[in-house]
Amino acid sequence: MISRDHDMSAVRRRLEKSIRIAVDNIAAHGDTDIFPPPDEAALLFRDREEAAKKVMALHDDFVSKGMVSSPDLIRCLVPAGYLGQRMATQIPTLWNAYYLAIVIACAPDIERMRVSRSMVFSYRFISPQMGDQIFDTKIGWAGFMDAAVSACNQYSHAIVTDISDFYHRVRIKTVAQAMERAGIEDSMRELMLKLLVILDVDRYGLPVGGPGSRLLAELVLARTDALLDQKRIPFIRFVDDIRLFAQSEGDAHRFLLTLADLLWEDGFSLQKNKTRVMRSCDLIEEVNFSRATALSSIEGSEANAETTVHFPHDPYTEMRAQMDLHFAQFALRSDSVSSIMQEFSKSRLNLSLCRNLLRSVSHLPSEQAGEVLSALLEMSDGLALIPVFSRLMEGLESNLDRLSPSAIDRIRERLAVLAFGDEALVMFDFHRALCIRLLGQLPIKDADFLAKELEQVEVNTACSLVRREIASVRGRCGIPGALACQSVLADHLSVQH
């Protein structure tokens, strides 16, 4: 149990401020870029001041009672490109805000531990006085790629590598050691470690997809960054993507061994199939090709002024607002709809480009948006859409209020087939849950059919995310089970004392 003596007034005041920042950040940007927000999140963040009070009450309860009751975590497998999958965790809204608040309270100490922003480009914490942003939007993947090209012009050889299953290999002991090195006071460190126990980090690693875990992950790697810098090994990093540079092939291999040893001390290893020592000129060519295909010629020809979709290549999605101008410009093109459909008709998609194309749909006129979205959903009987299906569903949900009745009918019919069928796309419970969620937001044509199918799915699934979305649909649509759904929401919004 956490002692009240440790919950000193200065720490409490800092935590109160951090909670308000966390609430503002989640209300503006969401708490994860993987899961759709639960119903209670919208209710909670309707009044941010009240939300902050609820998170503070949760803290008081946590300090006084420790781990009397753990939050109900939702875990399920989500696609990771075409070749893999990963376990993702959604934390209940109040608990997630509390988790982020503790990280934000420690963030100045974390940022002080980190090496120069010219070497590490991921998730640089900025002053909380900057509104609802907690990361510097001027530093990111694009700068990381520019720095790689610049370094390649100075060194003859480069090493491309990343950390294997990085977030899932982070352990509480590693976080504890990193927090101690950062000089974070005992009371805040104890709060964080107790919370990580509740989140079962030693079994599943840091929860993927939210800003709290992103900043903790940076703290964990700060020691490796500092030691590489001390050893005068030229490097740059974005999260677990690492580039080293050397003036000879022999030095490159020695630097790689040093990096592997440093990471091993914290329980990490390098991905063998992604680790390469190469000539710098070859890496420059790869970077340029990556930019060309993601900025790029959607017709598959060489990029030029007419055929290029000017989307910055950034596989990380926490800065989406910056992209709106690029999407709007693409939507004005006379061939935007045909270009989207042509790209999505391929048997294997350029994932970065397709995610950007999906987000551009919101800038199309409503009639064209309905045509594109309903047609793409009907194409989902194949496997090509698996890595971007969640983005398609996100695009559908954000555009529902401007689609025509005929487009809505087509979407409803296809969603029912997916939600209640056994197509390959819904072998991921995550995808089935997204279909059920969206289906519940459409006007009901046959309530008896919907109630019967929801009950059948509920009987046959053990996935808590699918069960949550079924409960939400019942509550939203007023079909049998609505009272149970309301009870679930009430449980999430209350703080147990």
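Criteria and cut-off values
Residues numbered from 1 in each chain as written. Predicted model: local features only at pLDDT ≥ 70, side-chain atom pairs only at ≥ 80, totals over all residues. Heavy atoms only, no water. Helix = DSSP H or I, 4+ residues; strand = E, 2+ residues; numbered from the N terminus. Expected span 1.5 Å × (residues − 1). Contact = heavy atoms within 4.5 Å. Disulfide = S-S within 2.5 Å. Buried < 20%, exposed > 50% of the residue type's maximum accessible area, 1.4 Å probe, protein only. Phe/Tyr/Trp six-rings, centres within 6.5 Å; stacked < 30°, edge-to-face > 60°. Pairing = 2+ DSSP bridges. Axes fitted to C-alpha atoms, helices over the stretch in contact; angles between N-to-C directions. Salt bridge = Lys/Arg side-chain N within 4 Å of Asp/Glu carboxyl O.

*Asks:* Which parts of the structure should I look at to understand helix α18 (residues 405-420)?
*Replies:* Quick reminder: α-helices carry 3.6 residues per turn. Residues three or four places apart thus point the same way. The end-to-end C-alpha distance of α18, which contains 16 residues, comes to 22 Å, matching closely the 22 Å that a straight helix rising 1.5 Å per residue would cover. Residues of α18 that are buried sit in contact with α16 (366-378), α17 (389-399), α19 (429-439) and α20 (447-460).

*Asks:* Looking at this structure, I do not really get the state of the cysteines. What am I missing?
*Replies:* Disulfide: a covalent bond formed between the sulfur atoms of two cysteine residues. Tallied over the entire structure, the rule returns 0 disulfides. Cysteine Cys463 is unpaired, with the sulfur of Cys76 as its nearest cysteine sulfur at 5.0 Å. Judged by relative accessible area, which is 6%, Cys463 ranks as buried.

*Asks:* What is the right way to read the packing of aromatic side chains from this model?
*Replies:* Note on aromatic pairs: each is described by the distance of the centres and the angle between the planes. Inspection of the entire model under this criterion finds 14 aromatic pairs. Pairing Phe121 with Phe144 gives two aromatic rings, centres 6.2 Å apart and planes at 65 degrees, and the pair type is edge-to-face. On the criterion of sequence distance, the pair formed by Phe121 in the loop between α4 (93-113) and α5 (141-152) and Phe144 in helix α5 is long-range, its members being 23 residues apart. By relative accessible area, Phe144 is classed as buried at 0%. Centroid distance Phe420 to Phe449: 6.0 Å. Interplanar angle 80 degrees. Geometry classified as edge-to-face. Highlighted residues: Phe420 in helix α18 and Phe449 in helix α20, separated in sequence by 29 residues. Its relative accessible area of 17% is what places Phe420 among the buried residues. Taking relative accessible area as the criterion, Phe449 reaches 36% and is therefore assigned partly exposed. Here the aromatic residues Phe121, Tyr123, Phe135, Trp141, Phe144 and Phe238 are joined through ring pairs into a cluster of three or more.

*Asks:* Teacher, can you tell me more about the pairing of strand β4 (residues 235-238) here?
*Replies:* Taken residue by residue, a regular strand's side chains alternate between the two faces of the sheet. Burial along β4 is two-sided: Phe235 and Arg237 and Ile236 and Phe238, pointing in opposite directions, are all buried. Bridging between β4 and strand β5 (residues 241-246) involves 4 bridges; their strand directions are antiparallel. Its bridge partner being in β5, Phe235 is matched across the sheet by Leu244. Following β4, the chain reverses through 2 residues before pairing antiparallel with β5; Val239 in that reversal takes a positive phi of roughly 50 degrees.

*Asks:* Which parts of the structure should I look at to understand unusual backbone geometry?
*Replies:* Both trends apply: most residues other than glycine have a negative phi, and most peptide bonds are in trans. Positive phi is not limited to glycine here, since Tyr123 has a value of about 50 degrees. Positionally, Tyr123 belongs in the loop between α4 and α5. The phi dihedral of Asp200 is positive, around 60 degrees, even though this residue is not glycine. Following the sequence through the fold, Asp200 ends up in the loop between α8 (186-198) and α9 (201-204). Overall, Asp200 belongs to the partly exposed group, its relative accessible area being 28%.

*Asks:* Which parts of the structure should I look at to understand the sheet that holds β5?
*Replies:* The strands making up a sheet associate through hydrogen bonds between their backbones, and the pairing can be parallel or antiparallel. Spatially, β4-β5-β3-β6 is the arrangement adopted by the 4 strands of the open sheet, whose pairing is antiparallel. Single-partner strands in this sheet number two, and they are β4 and β6 (276-279). Across the sheet, the axes of successive neighbouring strands diverge by a mean angle of 20 degrees, strand direction being ignored. Of the strand pairs in this sheet, strand β3 (residues 157-162) and β6 are connected by 4 bridges, and their pairing is antiparallel. For Ile159, the partnering residue across the bridge sits in β6 and is Val277. Where helix α11 (residues 249-265) meets the sheet, it contacts β3, β5 and β6, and its direction lies at approximately 145 degrees from that of β5.

*Asks:* Where do I start with the pattern of salt bridges in this structure?
*Replies:* Side chains bearing opposite charge may pair, as long as their charged atoms lie close to each other. Here the structure, examined in full by the defined rule, presents 32 salt bridges. Measuring nitrogen to oxygen at the nearest pair gives 3.8 Å for the salt bridge that ties Glu469 to Arg437. Of this pair, Glu469 sits in helix α21 (residues 464-477) while Arg437 sits in helix α19, and the two are 32 residues apart along the sequence. Like Glu469, the residue Arg437 is buried in the burial classification. What you see here is one network of salt bridges that share partners, running through Glu111, Arg114, Arg117, Arg124, Asp136, Glu218, Asp225 and Arg237.

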